[in-house]
Amino acid sequence: MARVEVGTLLQIAEALEAVVGRCFGPNGGQVLFTRDTGEVLITRDGWKILTSLQLDHPVARVLVDCVSAHCETTGDGAKTFVLLLAALLRGVQAGRLQGLEARRVALALHSFQTQVLDGVIRRHVAPLASSLLPWDPVCLGLLTQAYFQGKVTSAHCSFLSEMACEFYRRWRCRGDPEGAALISRHFAQLHTTVPGLPVSRSRVLEGLVIHRDFAVRCRADGPLRALAVAVPMHPPLAPTGVTLSLASHDQVQRCCSWLDGRVELGIASMRRLQVRLLISGVKQSALVLDHAQRAGVSVVECVDGDELALFCHLSGAKLFDHPGDWSLIREEYIATVMFCQPVVLGPDRFAHVGFREGRGLLPHCLALCGPVPGMADQCVSAFRGAVRMLQRVFEPVQSHHQQSGEEANENTAIYTVKRPNLHNKVGLHCTATSIGDNANLNTQFTANERLQALLRCPDKSLGPLCAGQSQPRLNTETEAEPKDQTSDRVQNGKAPGTQPGDNFGNEMCSDVLAVSGVTLGSHTHKLGSASSGVLIEAGSLLPVGGTFEFLLHHYLLQHTSQTSCPDTQAACRLVAGAMLCVPRQLYSGKRFLEAQSRFTRTLTADPTSERVQGLESLACKYQLVVSALQGLRTLLSVDVILHTSVRCQKERGREKGEEEEEEEDGDGDGDGEEEGS
Amino acid sequence: MSRLSKKQPSVCTSDPLSDGEVCRKLAVLRQILTSCFGPCGRLKQIHNNVGGHVLTTSTSAVLLKSLTMSHPVQKLLAASVLNHVSRFSDCGLFAGILCSSLVDHARGLSVQPGMVAAVYRRLLGLCGSYLSRDNCGCKVPVDLGSSHSLLALVRGVVTSKPACMLTHGEARHIGVRVVQAFLHTIPHHSPGPVCLGKTVTVAVEGRPVGDSTVLPGLLVDLPETLRPADLEQLAQGAFRLALFSVSLAGDLSEPGEGTYEVDWEVCLEATVLGQLLRLAEQVVRDGVRVFVCQRVVHPVLQQYLRKHGVIVVERLGIALLEPLIRATGAQAVATFQTPVPAQSYGQVAGLCVQHCGSREMLHLLPAGDSACCTLVLCHRNETMLNELKVACQRAEHILRLTLKEPWALLGGGCTETHLCAYIRHQCHSDVCRAMPELGCTRADYLQVADGFCRSLDAVGRALEHDDGERLVDLTHGHHWAVPVGAPPQASWGDVVGSCGCGLMPPRRDLEWSPLSTEYPPFSPAPPVDTEAHPLVLDSFPAKSNALQVAVETANLLLDLKYIIEDVS
C-alpha cells in the first residue's frame, strides 16, 4: 500500500514531461524506439512515445490512459497535455504549500469547466478566432503545416501539408463534416505504406487501392461493371459441420457435377450482367478463377472486410453475401468503376479502382513513402492524426450543457429512485445553503461524500423524492454532483430574469443540494434551450505560437478579479498559470517575455491581424484544456495504491479484483475510503 | 504461470549522437562498408556462432542482411540501405558510407543538429536540381540503340562485386551475356503496352565462367522416367503443350472441412481418377505431346500419358510457371473437372537435352517471339556463384530501370567528385539566399557545406584500399587514381591513367588536387570530347535515390533526441 501524494504525481508527470518536452514544438527532435521484436519505430508523436514506454507505475499508466482518451477524440495534443498536466500539478503543489488542500482543488476544478471555462471561451476567445469556412485553401495549408510541424521532421512538414491539402481538394471535401468523418473513419483503408522510397515520393492517387493483387487479370479499358461478394461461388463439397453421406459412385459424381454446375450458373449470371470485375472477400476456388479467366472477368480475392465495405459504400452498390444462389444477383449489386488496373507500390502490386463522383465527393487515396519502414509509419500516423484533427475542426463544439442533456436526464432518473432518506437531505441542504467560506465548503464536501456513500446502496423504500441534479459532464462517472443553485432558481421562477448563459461565471461556492420537487426532465430541457447551441463554431482557428494560451491566461486572470469566491479565484489562477507553460516551452528564456509583451500589445488590436505562421484548431485546444483538467481530477482523486499479487487476487475472488480495477482506472470515488479499509 | 516474466522497463538513452559509444559503433559500421566499396573492395567472411554456412561477400544487401546490429542507430542505417537496395538494386554501399560520414561530419561541427539537417537538405536540393538538368556534367544519355552504354552499365555493377572473382575477360563475357539476356526479354513486335519478358537464371557449379551462356526458351529438370529414345522420337517440329496449375494427384478439389460418410464400396479416389483419365483421353485426342503440371501428377495418369507417347513434366514450381506461359503461349489450366479448352494449349518448337555441369535438363525451345530466355551462369564454386547470380540479377534490374529513365551517371567515383566540386562552387553563391531562409549564419552554412563536400569526397576516397593517392582535376572535377608504387617525385600528370569513369584519357595539361584537401572552388566543366564513351556507368535512378536516402537518413539520425529500447 502506498499513499499517493501530490509530490509523487508531480514527479511522474515531470519525468514524462522531460521525455516528450524534447520533441515539443516545431524544433523538437525525434525518438527512436526498438521493440523486442527488432522493429524500429521513429516518432515525434507524443501519444506514440508515451504508449511505447512500457510504464510500470500505476499513476503513470493512468496518465497515459488519459492521454490516449484525449488523442482518440482530437488526434493531437498529447505532448501539450503532459506539459499542461505537469504545470497544473506544479501549481497544485505550490498551492498546497500555501495551505490549499489538493483534494479541494480537485473539487473546485470540477465545476470550473462548466462554470468558468466555457463562459470565458464563449465570450472572449471564440469571437477572436478566424474561420476556415467558407473553404479557404490558404488557411487549410497553414493549419496542416502547423500540425505537421509537431509530428514529423521539419523537412517533410511542408511537403506533407501540401499533400494533405491536395488530398482534401481532390476529394472535393470542402469542410463538410460528413466527408471529413468518412475520410477519418476509413483512413486505414485509404492509405498504403511504401517503405524504401524517400518521403518526397509519396503521392495522392485517384480512387481506391485494394490491398491485394489480381488473382485473374483481364485487360479492360474504360468504365466497367464490378461485383463485390463475400461468399465463395464454388462451395466446398462438405462445409464445416456438415456430414455428407455418399452411398454410391453415382452419387459422388452427381454431387461434384452439381457443384460445378453452380459455378457455371454463377459465371453465366455474371456474363448476363456484364460484370468484368469480381471483388471477393473470400478465396475463390481454382475452378472459379479458371472460368472467370475464360469469361474475361478480372478477380481480386481475399479482400479485407473493411476494404470491401468501403468499396461498396463508395460505389453505392450492395455487397452480395447470399451464401447459396448466384443467380440472385441483381442490378443493385452491380457497381460501376471508372478504371481497374494494377498499381505497383514499393514491393507489392495491388489492384487499383476508380469511382464516379458521388454525393459531391470524389474518392482518392494516399501512398505514403519512407526510406525505412519506421519512417513511413511515422508519416502514416502523422497523417492519420491530421485527418482526425480536421474532422474535429469541421464539427462545431456544442455547449456541454446541451450535449449531455440526455445523460443528465438518465443520471437523475437513477438518483431519484435511489434517493436514500429525506432527513439527511434536508440537513445537507441547510448546511449547504449557508455557504460562502472555506469552512462551509469543507462541510459540504464531506456531506457530498456521505451522500455518495448512501447513493450506492439501492434502497427502494424511499420517502418523497428530492431532485438533486447531477452537473452534466462530458464523461460518464458515477459520482453524484451538487447542482447549480442559480439555474435552479431560474427553474423555480424565483429569479426569473437570470439567464443561465450569463450565470456561467457564477461562483461554484453557490453549489448546493437544492431540495425541490421539480422533475428533472423539464429542467434539463429548459436549460438546454436557454444555453442554446454552439460553444465554438465549426472551422474556428487561432494563430499558433501560444495565442490560445496567452488569451486564456489573460481572460482567466480578468475573470479572477470579477469573482469573489476564493476557490474560483484559486482555480482560475491555477489554470491561468499553467497555461503559460506551453509558450514557455515554445519560446526559451528571453524570447518568452518578448512573445508575451508582443501579445499584450496586440491584444487591444485584433490578434489575428498579424502575419500568421500557422493556425491551430480552437476546438482541439479547448478539448485539450478540458481533458487536462479531467486528467488532473482523476489523478488527484486517488489517495492510495494497493499492490496485489496475481495469486492472491485469484483466491480473494471477484470483489477485490473489482477494487483493483477501480484503482487501475484511476476512477476512484474521490474519497478512497474503501481502499483504506 | 511460473514462466510468466514481468515486462522489463525500457532502456532510455538521451541524445544518442553525443554518446561516444554510439559513435564508435557507427564508425565500425562505416569501416566495414568502406572497406567493401568498389572493384578493389575487401571481402567479408561472415559466420555465426553456431557454425554452419560461411558467407563470403562484399555486396551491401547480402552483408547487411546477415550482420546482427547491436545498436538501434546501426539498425536504422542498415534498414534504410536495405530498403533502398530492394527497390533499386545498386548503390547500397554508396548510401551507407555517405550517410555515416554525413553524421560523422555533423558531430564535429559547433552547429545545432537541426540546422545541420536543414543545410544538408538544402544542399541535397541543389544536387537534385543539378542532376536533373540536361547539361549536367556527370550525366550521360543512354543510347538504347547501341550496346555500348548498356555494357558500361552492366560493367559498373559486375566489376564492383569483387567477391565474384572475375578476371577482366570473364567480366566482359558475363557483361555481354547479361545484356544479351536483357535484349531477349524485349518483345519484337507487340501491339499496345510493351510487357517485358523474363530471364530465368540457372546456376551451374564447377564449370568455368566462360561456359556461361544465354539460351532461348526454358530449361526444366529432366523427368526421371524419360528415356532418350522418347526424345529422339520427337526431335523436330512443333509440338502441342498442355499446362496445368492444379494438382493432378487425385485429391478431391474443394473437399471442405465437413465429415464424409462413405459406403464401403464407394471409392472417392476412383471417382477422381476417372475424371483424370477422361482428361488424359482428351489431351491425347487433341494431339498434345508435352504435358506439364505445376504440381504432382498421379502415377496412373503419368503411365497412361507415357503409353501414348506424351512427355510428362511434373512439379514445375510456381517460379517457372509464368515464364513457361510466356514462352509457349499456353494458358495454365486450373481445373480437371471440365474439358481443356483448345485455346489454352501452347506450342513448343522443339525439345532437346542440355548438359549443365552435372545436371541434365530438358530444353524447351520457344515457338515464335517469346521474350523468354535462360541465363546459364557457371562458376568455379558455390560462394562465387551465389555472388555472381546476385550481381547478374542486379544488373538486369538496373537495365530495366534504365528503360524508364534513359540516363546514366559517370562511374568510378567521377560523379562524387564532380558533384562535390559543383557544390563547393555553388554554395558560395547560394549562401546569401540561404541565410535568411534557414535563419543561420554564413559561417554555419559554409561549415556544414564543407562537411557535406567532405562526405562526398570520402565516398570517392573509399574506392582506394591500397594507400594510393586519389586526385580530382580542377577543370572537369573527375576522379583520378595515382597508381601505387609511382615514384613520389614524379609529377601527377606523368603517372595518372585515364579518369575513373574512363571518359577522359591520360592528360598532362590538367591541374590536380588530392581528394582529401581543400581546393579553390571552380565550376566543373563538362568534358569537351563528345565522341568518347565512358567505360563505367552507374544507374541514374539508383544513385540519385541513394543520395536522397543517405541524406534523409543522416538527417533523421541527427534529429534523434531519445532512444528507447525494449529489452524484455
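In this text, all values refer to a predicted model and were calculated from it rather than measured experimentally. (Residues numbered from 1 in each chain as written. Chains lettered and ligands numbered in written order. Predicted model: local features only at pLDDT ≥ 70, side-chain atom pairs only at ≥ 80, totals over all residues. Heavy atoms only, no water.)

What follows deals with the nonpolar core. All names here are of chain A. Of all hydrophobic cores here, the largest spans 198 residues; its most connected members are F148, Y168, L277, F311 and F383. If we skip the residues at most four places from it in the chain, F383 touches F148, L160, M163, A164, F167, F187, L366 and L368. If you look at the next biggest cluster of nonpolar residues, it comprises 87 residues, including V4, L556, V575 and L636. (Core = buried A, V, L, I, M, F, W, Y, C linked by side-chain atoms within 4.5 Å. Buried < 20%, exposed > 50% of the residue type's maximum accessible area, 1.4 Å probe, protein only. Contact = heavy atoms within 4.5 Å.)

Now for the packing of aromatic side chains. For any pair of aromatic rings, the description rests on two quantities: the centre-to-centre distance and the angle between the ring planes. On inspection of all chains with the given rule, the structure shows 14 aromatic pairs over all chains. Pairing Y147 of chain A with F148 of chain A gives two aromatic rings, centres 5.6 Å apart and planes at 80°, and the pair type is edge-to-face. Owing to a relative accessible area of 6%, Y147 of chain A belongs among the buried residues under this scheme. Classification of F148 of chain A by relative accessible area gives buried; the value is 0%. On the numbers, 6.4 Å between centres and 85° between planes, the contact of F167 of chain A with F383 of chain A is edge-to-face. With F167 of chain A in helix α7 (residues 154-171) and F383 of chain A in helix α13 (residues 373-393), this pair connects stretches of sequence that are 216 residues apart. In this pair, the class of F167 of chain A matches that of F383 of chain A, namely buried. Put simply, the rings of Y147, F148, F167, Y168, W171, F187 and F383 of chain A touch in pairs and so form one group of aromatic residues. One cation-aromatic arrangement involves R424 of chain B over Y519 of chain B; the distance from NZ or CZ to the ring centre is 5.0 Å. Lying across the ring of F94 of chain B, K543 of chain B places its NZ or CZ 4.7 Å from the centre. (Phe/Tyr/Trp six-rings, centres within 6.5 Å; stacked < 30°, edge-to-face > 60°. Helix = DSSP H or I, 4+ residues; strand = E, 2+ residues; numbered from the N terminus. Lys NZ or Arg CZ within 6 Å of the ring centre and 35° of its normal.)

Mean pLDDT for chain B: 86, with 97% of residues reaching 70 or above. For chain B, the element scoring lowest by mean pLDDT is helix α8 (residues 228-233) of chain B, at 69; helix α4 (residues 92-108) of chain B scores highest, at 93. (pLDDT = per-residue confidence, 0-100.)

Residue and element names in this part refer to chain B. If you walk through the whole model with that rule in mind, you get 33 salt bridges over all chains. Across the pair R207 and D211 runs a salt bridge whose closest N-O atoms are separated by 2.8 Å. On the accessibility criterion, R207 (32% relative accessible area) is partly exposed. Several salt bridges share partner residues, and in doing so they unite R424, D450, R454, D457 and E518 into one network. (Salt bridge = Lys/Arg side-chain N within 4 Å of Asp/Glu carboxyl O.)

Taken together, the contact between chain B and chain A spans 57 residues of the former and 63 residues of the latter. Counting each side, the surface lost to burial between chain B and chain A is near 5100 Å², with a carbon and sulfur contribution of 57%. Between the two partners, chain B and chain A, sit 1 salt bridge. Across the pair D15 of chain B and R22 of chain A runs a salt bridge whose closest N-O atoms are separated by 3.9 Å. (Buried area = accessible area lost by both parts, 1.4 Å probe.)

All names here are of chain A. Taken together, 5 strands build an open sheet; the order of strands is β8-β12-β11-β9-β13 and the sheet is mixed. Looking along the sheet, the strands with just one partner apiece sit at the ends: β8 (214-216) and β13 (334-337). Pairwise comparison of adjacent strand axes, ignoring direction, gives a mean angle of 35° for this sheet. Pairing of β8 with strand β12 (residues 298-300), which is carried by 2 bridges, proceeds in the antiparallel orientation. The partner of V216 across the bridge, within β12, is V299. Along the sheet, helix α12 (residues 305-315) makes contact with β9 (224-229), β11 (275-280) and β13, crossing β9 at roughly 140°. (Pairing = 2+ DSSP bridges. Axes fitted to C-alpha atoms, helices over the stretch in contact; angles between N-to-C directions.)

To continue, consider helix α16 (residues 540-558) of chain B. Residues and elements named next belong to chain B. With 19 residues, α16 extends 27 Å between its outermost C-alpha atoms, agreeing within 8% with the 27 Å of an ideal straight helix rising 1.5 Å per residue. Of all 19 residues that make up α16, 17 are buried, and the element is covered over most of its length. Sitting at the head of α16, S539 places a side-chain oxygen 3.3 Å from the backbone nitrogen of A542. (Expected span 1.5 Å × (residues − 1). Polar contact = N/O pair within 3.5 Å; in protein donor to acceptor, adjacent residues only side chain to side chain.)

All names here are of chain B. The strand order β17-β16-β18 describes an open sheet built from 3 strands, whose pairing is antiparallel. Of all strands in the sheet, those with a lone pairing partner are β17 (479-482) and β18 (512-514), marking the two edges. With strand direction ignored, the average angle separating the axes of adjacent strands in the sheet is 40°. Alignment of strand β16 (residues 469-473) against β18, held across 3 bridges, turns out to be antiparallel. Across the sheet, D473 pairs through a bridge with W512, a residue of β18.

All names here are of chain A. Summing up the model confidence of chain A, the mean pLDDT is 73 and the portion of residues at 70 or higher is 73%. Below pLDDT 50 for its whole length, residues 402-532 participates in 181 contacts with residues either more than four positions away or in separate chains. Counted against residues more than four places away or in other chains, residues 656-677, with its pLDDT under 50, gives 34 contacts.

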